[in-house]
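Secondary and tertiary structure notes
Here's the letter readout for the chains.
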Amino acid sequence: MTEPLLKMRGVKIEGRSDEMWNPIINGVDLTLARGEVLGLIGESGAGKSTLGLAAMGYTRDGVRISDGTIEFDGIDLLTASAAVKRELLGKRIAYVAQSAAASFNPAHRLIDQHVEGPSQHGVMSRAESEADGMELYRKLRLPNPDEIGFRYPHQVSGGQLQRAMTAMAMSCRPDLIVFDEPTTALDVTTQIEVLSAIRDIVDQFGTAAIYITHDLAVVAQMADRIKVLLKGDEVETADTRTMLDAPTQEYTKSLWAVRSFERPAKPAIATGAVPVVSVQNVDAAYGTTPVLHDVSFDMHEGRTVAVVGESGSGKSTTARCITGLLPPTSGQILLDGEALPASYKKRSKDQLRQVQMIYQMADTALNPRMSIGQIIARPVQFYLGLTGAAKRKRVDQLLEQIELEPSEYYNRLPSELSGGQKQRVGIARALAAEPKFIICDEVTSALDQLVAEGILRLLAKLQDDLSLSYMFITHDLATVRAIADEVVVMKDGRVVEQGPKADMFTPPHHAYTDLLLSSVPEMDPDWLTNLLKERGVDNVGDAAVDKM
Amino acid sequence: MDNVLKIIMQRLALGLLTLLIVSVVIFVAVNMLPGDFAQAILGQGATEESVAAIRRDLGLDQPMITRYFDWLGGVVQGDFGASFASANAASFSGTTSGVKTVAQQIGPRFANTMFLAAVTAVIAVPLAVTLGILAALYRNSVFDRAANIFTLTSISSPEFFLAYVLILFLAVLNPIFPSLSNIYDGMAFSERLNKSMLPALVLTLVVTAHMMRMTRAAIINLLASPYIEMARLKGMSPMRVIVKHALPNALAPIINVVALNLAYLITGVVVVEVVFVYPGIGQLFVDSVKTRDIPVVQACCLIFAAAYILLNLTADIMSILSNPRLRHPK
Amino acid sequence: MILWIAAVLIGMGALAWVFRFAGQAATGNAPKFRDMPFGVAYGYVLAALVVGWLIWAYFQGRSSDPAIANKFFFLRIGIEGFIIFAIAAWLFRLAGRRVGTAWSRKMFRAMPLTAAFGVMIILIYAILAIFAGLLAPYGQEQIIPGVAANITPGGDPALGGNLDFPLGTDQIGRDILSRLIYGAQNTVGIAFATTLLAFFLGGTLGFLAATFGGWLDQVLSRMVDVLMAIPSLIFALLLMTIASVWAPRLGIPLTVFMVIIIAVIDSTRVFRLSRAVGQNIVVMDYIEAAKLRGEGFGYIIFKEILPNATAPLLAEFGLRFCFVFLTIAALSFLGVGIQPPLADWGTMVRDLSGFVNYAQFAPMAATAPLLAAGAIALLTVAVNFVVDWMLHKSSGLKE
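Concerning the interface of chain C and chain A
Taken together, the contact between chain C and chain A spans 17 residues of the former and 24 residues of the latter. Around 1,900 Å² of area is buried between chain C and chain A when both sides are counted, 55% of it from carbon and sulfur atoms. Sorting the residues of chain C by area buried against chain A places Asp-285, Leu-292 and Arg-293 of chain C first, and these three jointly supply 34% of that buried surface. Linking chain C with chain A are two salt bridges, by the criterion used here. The set of elements that each furnish at least two residues to the side of chain C that touches chain A consists of α13 (285–293) and α14 (297–334) of chain C. Per-element tally for the side of chain C that touches chain A: the top contributor is α13 of chain C, with seven residues. Classifying every residue of the side of chain C that touches chain A by side-chain character gives six nonpolar, two polar and nine charged.

What follows is the structure in structure tokens.
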């Protein structure tokens, strides 16, 4: 057997916080053969980025490799001098960062940053490398490959930048590229083109790669082998197909199972039923820029309407119109068939109580200086006028509803809670008002999959118990599948399509809905290949959207 | 480019407007004085007629708005009016030829102050920027910590404390520089430099400390950017990372820091000039404050404010010019 | 001279090279020396030379030859002072870790030495200021009958001192020690009151502007912009000129005007900060949640915004205090600040400054003005050290 390209043995990494060294990675082994793509997945805090950088012999400030060996092609990266490591980095090991917009130097043109590696490492002359760069841009299917390199980073869109960065990583034809969540910040339709471009070019040059992501479906498309990390420990490593078909560890199985959560379909809405909240022909604008055009849809008791769309489609703006933060320029919002005043300032206490909101970032949604008890007690006192023991009793009841032990959590501060627990407190605060209708704004998108799953189940249970009506804003179609009864698809401030979930997930439907749905990666490792075959390589991402 | 030009013109107009409003504030403040200039010039023992005569001469019987525009019109042409002190002297001698205008009084002193500021800037700016970059590169090292303590101390110390400490060591115990900066016209440059050295050093200490801390903060902020990490991961040498990747982006914050601190010099210069009896505009200002020579106070105040606004404006415009997003619009 | 400096610089370069090479050889090419840039090695050599020179200078200061000893007297005092303060701060921190509540013990445990030094000095000043009347041996305006003016500090009769007046007397025979202690009360007290007033003004308006936004924010911000376009010391001097004419006519002490003038000028900076802090908090979702709940502005400002603004505001209070304190000292030094006969450090520096020129022959005499100026510097340094630590701590928590 030939010698592997990268060999990491018993690597331990520590990070410094509170004047102490705390473990991040507790002894992980990793082997990578030439030309092999290894997927590294795990939740946030699993240490996957740290491990990826360590594979390059690099640690960030305040992080150190405390034990183990890292060998790249026979060179020991931990004992190599700075000069030897510099000679490897960029030339034989390259890196593609999560945010291309931040990782390109704003002061230089793309092509100048592209040629820096080859010319400094003496691989190619400047002119050769420039020509090669354009060739790479063409291979990565960037528009105007001969011209795009002369732009500055801020003049190029996110998905294109990410491909330009892949080209830059390729500039010296390295043996290994570390991809650190390269598509996480992108919309689904853009993600596809970046994924397919990366996969093709890695294939073409036979480059080995470590592909870091938290998205199982993405890693299924990209990797030959998958390694699962949990809190700095390896859970299991296996061939992609083996891993997907027959995971051996409980944790891996639970990750896979998340995808299968789906609520049973509810009976159709009775004709003539008055919707809890009805959005009618709403137009809205920020200043003079119009953002919403004639948006209308209804939300009924005990049901969930999922509003989906990519960033900038007007989902959150619609929510702001419903809550009254952004009074619509025309159209109206009805609550139980009665028109609500446009601005929240003019609404009565009871009208305010009926419409509650749960936010995406639990960190900014809870006052860090108030205890959990105080946060939940405030609406109880404010709307229902309960005080003293009655108030405490109600808060305890609410804490039990969100599955947090009252005696333990009542006096804690938000900073002492995990992300999922904070989100639960946000739910309890909304419930405390005893509303009919709750807007959930991307409530699970900042959470890890297992935790998000718990939140979705909790919301579903609360809906059944209390006949709540939800407006569920999300860009994640798996979430839609799991929880929605009706779906509203938005694009550029307009409702493109709406209807019951079952209809939405069965063709035929509006072309954009189709594009959006088909762009969501699936767990099938052949999904991307099949999709590209179906659509043709030039018909993904921005190109496809533009054709509409 | 048009875009940038437009923004810069906007800033310039805004700066001019601010200066105009500041002049109103100064004028109104001075006019809150009880009595008026005529009485102040002639003193308590003046007769009604002579006060009235002077009032007419100086246009003090006009309404305030008229007087403001008269004053402003004069200022624009470099005429700040007549100084009380010299007007007083002139009224005793009975001639008007001895009356020194405020502009005549301020002119040479303004040049002296500019000289002092320039000497300070020449020493302080390169020193502070170099030290700031070094402290950022070797942050949390012994050097950085020592520099932190040193700069905090020198920022916290009143200018006169630093001045006397320097006089003590560099003038009294080791007579290297003179402790009095008696500068006059027609002095040789080297002697002038020698005599201005101690005040310049005091200002350098204070300004360098501020500038260095701000440069350090700006560079640290910059070095944390993902594109710096990217450059390191491309195997670029530390020198190249700094020169090619950090500096072009650091220029804006550093220029900003420099301009802000030169603006700070304006305040510092007052106390330092008094300690060293340096014949600059700061000392004139303090003297006029004590003798209540209002036209001079008013003029000095306006000049200080103008310099301050100008420097802040420069900082603003420089950072606009060095922003690639504005220079290369989409 | 220039050649000489060049020779030293090159010599140091050679030393640095030797140092690095020796380090590599001695440690078997350990990474620390192997990857050490030349500049760093140079820095080590430079630091070694400076420390060496300081030690040499210190022993010169202890020389038996009075001419040499006098010349290095202040360096010696400085070095001794530095060491004594460092040890005192260390002991203070040690004590803080042992006694007090669990909270204060925990705080002391995480405290760097500079911050411990700062806290110690601030406590000492506070005690001096509060109990000045009990601690000072004489009154601040008291001209002691039968005692000569200009007694040298140090209490050594051979050098013109007097043990009853350990820090000597000033030109008209007032006890300098007593005046220094009363100075703590006057200067620090007035600065503290001014800062409080500035915070009350600037903080209230700043949070109102941040919460309400709209035209109120526009009007206030533009006003503040204009006021901030005039350098603060210059503006203060201008207004003090006017106030000095009004004060006797209205029968109000000039000091009251000074407090108001400086507070107003400084409140502009407080306004800027509290507005910025407020705006950062106002965009938080929990504020939106409170608004949508229908809460009033009082609840939002006092329960939701203020508790989250205390940390940056407290740090700003320290910085503003230093600034106000230095402005007042500068005004007094220039003769338009705190008025005699109140004892005040700025005024004392100006009155005693002439003594600096005797340093070569009677170093003790020169300490008098430096003591007053040093008293100002020491407090601001102390406050700044504490603020620096607080800022560092709060920024560290975010990471």
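Looking at the pattern of salt bridges
One pass over the full model with this rule turns up 49 salt bridges over all chains. Linking Arg-378 of chain A and Glu-295 of chain C is a salt bridge whose minimum nitrogen-to-oxygen distance equals 2.6 Å. With Arg-378 of chain A in helix α14 (residues 372–384) and Glu-295 of chain C in the loop between α13 and α14, this residue pair bridges two chains. For Glu-295 of chain C, a relative accessible area of 9% translates into the label buried. One salt bridge connects Glu-408 of chain A with Arg-412 of chain A, and the closest N-O pair in it is separated by 2.9 Å. With relative accessibility at 43%, the residue Glu-408 of chain A sits in the partly exposed group. Look at Arg-412 of chain A and you get partly exposed, because its relative accessible area is 23%.

Observations regarding the domain arrangement of chain A
Residue and element names in this part refer to chain A. Segmenting chain A into domains produces domain 1 (90–223 + 517–548) and domain 2 (301–324 + 346–506). Measuring from the centre of the C-alpha atoms in domain 1 to the corresponding centre in domain 2 gives 37 Å. Opposite the nine residues of domain 1 that make contact, domain 2 presents seven residues. Here domain 1 and domain 2 share an interface that buries about 710 Å² over both sides, 55% of which is from carbon and sulfur atoms. On inspection of domain 1 and its partner domain 2, the count reaches zero salt bridges. Our enumeration of links across domain 1 and domain 2 arrives at zero residue pairs in polar contact (both at pLDDT 80 or more). The class makeup of the residues in the side of domain 1 that touches domain 2 is five nonpolar, two polar and two charged.

Overview of the nonpolar core
Core analysis: the largest hydrophobic core is formed by 158 residues, its most contacted members being Phe-160 of chain B together with Leu-237 and Trp-345 of chain C. Here this core takes 15 residues from helix α11 (residues 238–275) of chain B, the largest share from any one element. Other than its neighbours up to four places away in sequence, Trp-345 of chain C contacts Tyr-125, Arg-179, Leu-180, Gly-183, Ala-184, Thr-187, Val-188, Phe-325, Ala-372, Ala-375 and Ile-376 of chain C. In this structure, Leu-32, Tyr-95, Val-96 and Val-194 of chain A belong to the second largest nonpolar core, which totals 87 residues.

Examining the interface of chain B and chain C
In this complex, chain B contributes 48 residues to the contact, which on the side of chain C involves 49 residues. Summing the contributions of chain B and of chain C, the shared interface buries around 4,300 Å²; its carbon and sulfur component is 80%. Here chain B and chain C share one salt bridge between them. When the shortest N-O distance is used, the salt bridge between Arg-213 of chain B and Asp-388 of chain C registers 3.2 Å. Taken together, the connections running from chain B to chain C amount to five residue pairs in polar contact (both at pLDDT 80 or more). Of all the secondary structure elements, the ones that give two or more residues to the side of chain B that touches chain C are α1 (2–30), α7 (142–156), α8 (159–173), α11, α12 (281–291) and α13 (294–321) of chain B. Element by element, the count of residues in the side of chain B that touches chain C is highest for α8 of chain B, at nine residues. Its residues placed into classes, the side of chain B that touches chain C shows 38 nonpolar, seven polar and three charged.

Re the sheet that holds strand β13 (residues 304–308) of chain A
All names here are of chain A. Strand order in this open sheet of six strands is β16-β17-β18-β13-β19-β20, and the pairing throughout is mixed. Two strands bound the open sheet, and with one partner strand each, they are β16 (355–358) and β20 (494–500). Strand-to-strand twist in this sheet, taken as the mean axis angle between neighbours without regard to direction, amounts to 20°. Of the strands in this sheet, β16 and β17 (437–441) touch helix α17 (residues 419–432), which is tilted by about 175° from β16.

Observations concerning the domain arrangement of chain B
Residue and element names in this part refer to chain B. Per the domain assignment, the segments making up chain B are domain 1 (1–100 + 293–330) and domain 2 (113–290). Contact residues are listed per partner, giving 15 residues for domain 1 and 16 residues for domain 2. It is Phe-304, Leu-311 and Ala-315 in domain 1 that bury the most area against domain 2; as a group they hold 37% of the surface buried on that side. Our count for the domain 1 to domain 2 interface comes out at zero salt bridges. Along the contact surface separating domain 1 from domain 2 lie zero residue pairs in polar contact (both at pLDDT 80 or more). Residues of the side of domain 1 that touches domain 2, tallied by class, amount to 11 nonpolar, three polar and one charged.

Quick look at a nonpolar patch on the surface
Residues and elements named next belong to chain C. The grouping of Leu-197, Phe-200, Leu-201, Leu-250, Ile-252, Val-256, Ile-260 and Val-264 at the surface amounts to a nonpolar patch, some 640 Å² of accessible area in total. Mapped onto the nonpolar patch, the elements with two or more residues apiece are α9 (176–212) and α12 (254–282). Relative to the assigned elements, Leu-250 resides in helix α11 (residues 232–250).

A closer look at the pairing of strand β14 (residues 330–335) of chain A
Residue and element names in this part refer to chain A. Taken together, the five bridges between strand β11 (residues 277–286) and β14 define a ladder with antiparallel strand orientation. What sits directly across from Gln-280, in β14, is Gln-332. Alignment of β14 against strand β15 (residues 338–339), held across two bridges, turns out to be antiparallel. Of the residues in β15, the one forming a bridge with Leu-334 is Ala-339. Between β14 and β15, which pair antiparallel in sequence order, lie two residues; one of them, Asp-336, sits at a positive phi of approximately 55°.

A short note on the state of the cysteines
Following the criterion strictly, the structure yields zero disulfides over all chains and no others. Here Cys-440 of chain A stays free of any disulfide, with the sulfur of Cys-321 of chain A as its closest cysteine sulfur at 18 Å.

A few points about the sheet that holds strand β3 (residues 37–41) of chain A
Residue and element names in this part refer to chain A. Within the open sheet, the six strands sit side by side as β6-β7-β8-β3-β9-β10. Their pairing is mixed. Taken across any chain shown, the strands that pair with only one partner, and hence form the sheet edges, are β6 (93–96) and β10 (233–239). Put simply, the sheet's adjacent strands are angled 15° from each other on average, direction ignored.

Reading guide: rules and limits
Residues numbered from 1 in each chain as written. Chains lettered and ligands numbered in written order. Predicted model: local features only at pLDDT ≥ 70, side-chain atom pairs only at ≥ 80, totals over all residues. Heavy atoms only, no water. Contact = heavy atoms within 4.5 Å. Buried area = accessible area lost by both parts, 1.4 Å probe. Salt bridge = Lys/Arg side-chain N within 4 Å of Asp/Glu carboxyl O. Helix = DSSP H or I, 4+ residues; strand = E, 2+ residues; numbered from the N terminus. Nonpolar A, V, L, I, M, F, W, Y, C, P; charged D, E, K, R; others polar. Buried < 20%, exposed > 50% of the residue type's maximum accessible area, 1.4 Å probe, protein only. Domains from an automatic or database assignment. Polar contact = N/O pair within 3.5 Å; in protein donor to acceptor, adjacent residues only side chain to side chain. Core = buried A, V, L, I, M, F, W, Y, C linked by side-chain atoms within 4.5 Å. Pairing = 2+ DSSP bridges. Axes fitted to C-alpha atoms, helices over the stretch in contact; angles between N-to-C directions. Patch = residues over 30% accessible without salt bridge, like charges linked within 9 Å, V, L, I, M, F, W, Y side chains within 5 Å. Areas by Shrake-Rupley, 256 points an atom, 1.4 Å probe, with all protein chains shown as cover. Disulfide = S-S within 2.5 Å.

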